[in-house]
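Read off the chains here:
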Amino acid sequence: MESSRYDVTYQKLLNILEQKRAGFILLLDPDNLSLERARENVSRALEAGVDVFLVGGSFLLDKNFNEVVKTVKENAGDCPVIIFPGSLYQISPHADALLFLSLISGRNPEHLIGNQAMAAPILWRMKLEAISCGYMLIESGSLTSAQYVSNSNPIPRNKPGIALAHALAAQYLGMKTIYLEAGSGARQTVPVEMIRTISETVEIPLLVGGGIRTPEEAAKKVEAGADFVVIGNFFEEQQNYSLMQEFAKAIHQK
Ligand code: 1GP
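Rules used throughout
Residues numbered from 1 in each chain as written. Predicted model: local features only at pLDDT ≥ 70, side-chain atom pairs only at ≥ 80, totals over all residues. Heavy atoms only, no water. Phe/Tyr/Trp six-rings, centres within 6.5 Å; stacked < 30°, edge-to-face > 60°. Helix = DSSP H or I, 4+ residues; strand = E, 2+ residues; numbered from the N terminus. Buried < 20%, exposed > 50% of the residue type's maximum accessible area, 1.4 Å probe, protein only. Pairing = 2+ DSSP bridges. Right-handed = clockwise from strand over helix to strand, strands pointing away.

### With respect to the packing of aromatic side chains
Argument step 1. In the structure shown here, the tally under the stated rule is 9 aromatic pairs.
Argument step 2. Between Phe 84 and Tyr 135, the ring centres sit 5.9 Å apart and the planes meet at 80°, which makes this aromatic pair edge-to-face. One end of the pair, Phe 84, is in the loop between strand S3 (81–83) and strand S4 (97–103); the other, Tyr 135, is in strand S5 (residues 129–137), with 51 residues separating them in the sequence.
Argument step 3. Exposure remark for Tyr 135: the relative accessible area of 10% places this residue in the buried category.
Argument step 4. Taking the centre distance of 5.6 Å and the plane angle of 65° together, the rings of Phe 235 and Tyr 241 count as edge-to-face.
Argument step 5. Among the residues examined, Phe 235 registers a relative accessible area of 2% and is labelled buried.

### Details of the pairing of S4
Argument step 1. The element S4 is extensively covered by neighbouring structure, given that 6 of its 7 residues are classed as buried.
Argument step 2. Bridging between S3 and S4 involves 2 bridges; their strand directions are parallel. Paired with Ile 83 across the two strands is Leu 98, which belongs to S4.
Argument step 3. Relative to S5, S4 runs parallel, the two being bridged by 7 bridges. Its bridge partner lying in S5, Leu 98 is registered against Ala 130.
Argument step 4. Of the crossover connections in this fold, the one passing from S4 over helix H4 (residues 109–126) to the parallel S5 is right-handed.

### Description of the environment of Ser 199
Argument step 1. The residue Ser 199 is located in helix H7 (residues 192–201) in this model.
Argument step 2. The class of Ser 199 is partly exposed, set by a relative accessible area of 25%.

### Remarks on unusual backbone geometry
Argument step 1. The phi angle at Lys 127 is positive, at roughly 60°, despite the residue not being glycine.
Argument step 2. When you line up the elements, Lys 127 lands in the loop between H4 and S5.
Argument step 3. By relative accessible area, Lys 127 is classed as partly exposed at 40%.
Argument step 4. Positive phi is not limited to glycine here, since Asn 151 has a value of about 55°.
Argument step 5. Following the sequence through the fold, Asn 151 ends up in the loop between helix H5 (145–150) and helix H6 (160–172).
Argument step 6. Accessibility expressed as a relative area gives 64% for Asn 151, which makes it exposed.

Listed below in structure tokens is the structure:
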């Protein structure tokens, strides 16, 4: 099928995988970011080798969302800037695309299709690219914001078969990506066995995030088959930016 303007950013993600084997995604939470900090962090991240920016969070305490997205986009060069919406209020025409999440690990219809139906006409009017994503919460040691807000149970961490069944269902439903989410600041990251089980079978790109705090851990996720590693919390400590290049090296194994 020919690519349309509605999958320009998705194609860029595939190009990153072709060139680097795996991609480094930095998640920026607008609630924890002034515009000046956003500018500074984006340029440091580009220098260090970040491939993609996600902007979003479970809560939106700050009204600054649109401005933060605009600032990130203005400073991100050719790097895709993708919204990672924690709610319906996180939509902005300034991004390249939006990760169109459906919480497939849960059984809460609002998060499976309800919010998506509300958002779809808005995206259409904005001509904002939607990258469909089967979003799966994975048990990670304690209740996370995403579990609490979505009122849904995570997939047990010792049940890779259950995770695989959901990932396959997402692929058969035509979703373009899968996101294995341990949760922001998770105590335990997504188990490598689960990543391996899914990546050996499922063909669509696999994003993995939640609680990753060392380059070694990031490398293990890639070795197990993660296509993109998402890191947020760790880089909310400004001094940790000095380690960003090491994370990039660990993720870009090719
Ligand atoms: C959270 O998976 C992302 O939605 C990133 O998690 O903030 O723990 O890195 P951290």
